[in-house]
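A structural walkthrough
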Amino acid sequence: QVRLVESGGGLVRAGGSLRLSCAASEHSFTMYTMGWFRQAPGKEREFVSRSSRINRSTYYAEYRDSVKGRFTISRDDAKNTVYLQMNSLKPEDTALYYCAASYGRGQLQNEYDYWGQGTQVTVSS
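We now turn to the structure provided with this report. These numbers come from a predicted model, not from an experiment.

Next up on the list: the nonpolar core. Core analysis: the biggest nonpolar cluster contains 27 residues, and L4, M34, W36, F71, L84, M86 and Y97 have the highest contact counts within it. If you list the elements that add at least two residues to this core, you get β3 (18-24), β4 (33-39), β7 (71-76), β8 (81-86), β9 (95-102) and β11 (119-124).

Below, the structure written as structure tokens:
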């Protein structure tokens, strides 16, 4: 059983930055694909970014087109934590952000086995 706890959300003006953190309880953290998703009011949850392990020391990062160049996913395996650095935030980034873990490659949302409770990000204009 993997427990995920997100933090770092808040209110920020457009153009500002936030760093989200997701702490995992699982010591086999390095084996999981870690993903970030978000859900705005009245909309479906959507993919933001993921970090998928390629080999022992290499991870593959992928991003939603609308956040490329602005968001960066990273992970600290020693701390069982994954981060999402969000720069140049826009009002359309406003959403509840979720951290998720997958035993697989995490290509699809249904491949994620564990989910956090979410952290709210609000970007004002």
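Below, the discussion takes up the pattern of salt bridges. This structure, assessed with the given rule, holds seven salt bridges. Here E46 makes a salt bridge to R64, at a shortest N to O gap of 3.0 Å. You can see E46 sitting in strand β5 (residues 46-53) and its partner R64 sitting in the loop between β6 (59-63) and β7, a full 18 residues away along the chain. On the basis of relative accessibility, which here comes to 22%, the residue E46 falls in the partly exposed class. Ionic pairing is found between D93 and R70, a salt bridge with its closest N-O pair at 2.8 Å. One end of the pair, D93, is in the loop between β8 and β9; the other, R70, is in the loop between β6 and β7, and 23 residues separate them in sequence. Look at R70 and you get buried, because its relative accessible area is 10%. Through salt bridges with shared partners, one network takes in R38, E46, R64, R70 and D93.

Before going further, it helps to examine the state of the cysteines. Two cysteines, two sulfur atoms, one covalent bond between them: this is a disulfide. Per the stated rule, a full pass over the model turns up one disulfide. Covalently, C22 is tied to C99 through a disulfide, its sulfur atoms 2.0 Å apart. Since a negative S-S torsion denotes a left-handed disulfide, the C22-C99 link at about -75° is left-handed. A residue pair is termed long-range when its members are at least 10 positions apart, and C22 in strand β3 and C99 in strand β9 qualify at 77 residues.

Okay, the environment of T119 next. If you trace the backbone, T119 turns up in strand β11. In sequence terms T119 and S7 are 112 residues apart; their C-alpha atoms lie 5.9 Å from each other. Apart from the residues lying within four places of it in its own chain, the contact partners of T119 are E6, S7, G8, G9, L20, A95, L96 and Y97. In terms of polar contacts, T119 uses its side chain to reach the backbone amide nitrogen of G9, at 3.1 Å.

About the cut-offs
Residues numbered from 1 in each chain as written. Predicted model: local features only at pLDDT ≥ 70, side-chain atom pairs only at ≥ 80, totals over all residues. Heavy atoms only, no water. Core = buried A, V, L, I, M, F, W, Y, C linked by side-chain atoms within 4.5 Å. Buried < 20%, exposed > 50% of the residue type's maximum accessible area, 1.4 Å probe, protein only. Helix = DSSP H or I, 4+ residues; strand = E, 2+ residues; numbered from the N terminus. Salt bridge = Lys/Arg side-chain N within 4 Å of Asp/Glu carboxyl O. Disulfide = S-S within 2.5 Å. Contact = heavy atoms within 4.5 Å. Polar contact = N/O pair within 3.5 Å; in protein donor to acceptor, adjacent residues only side chain to side chain.

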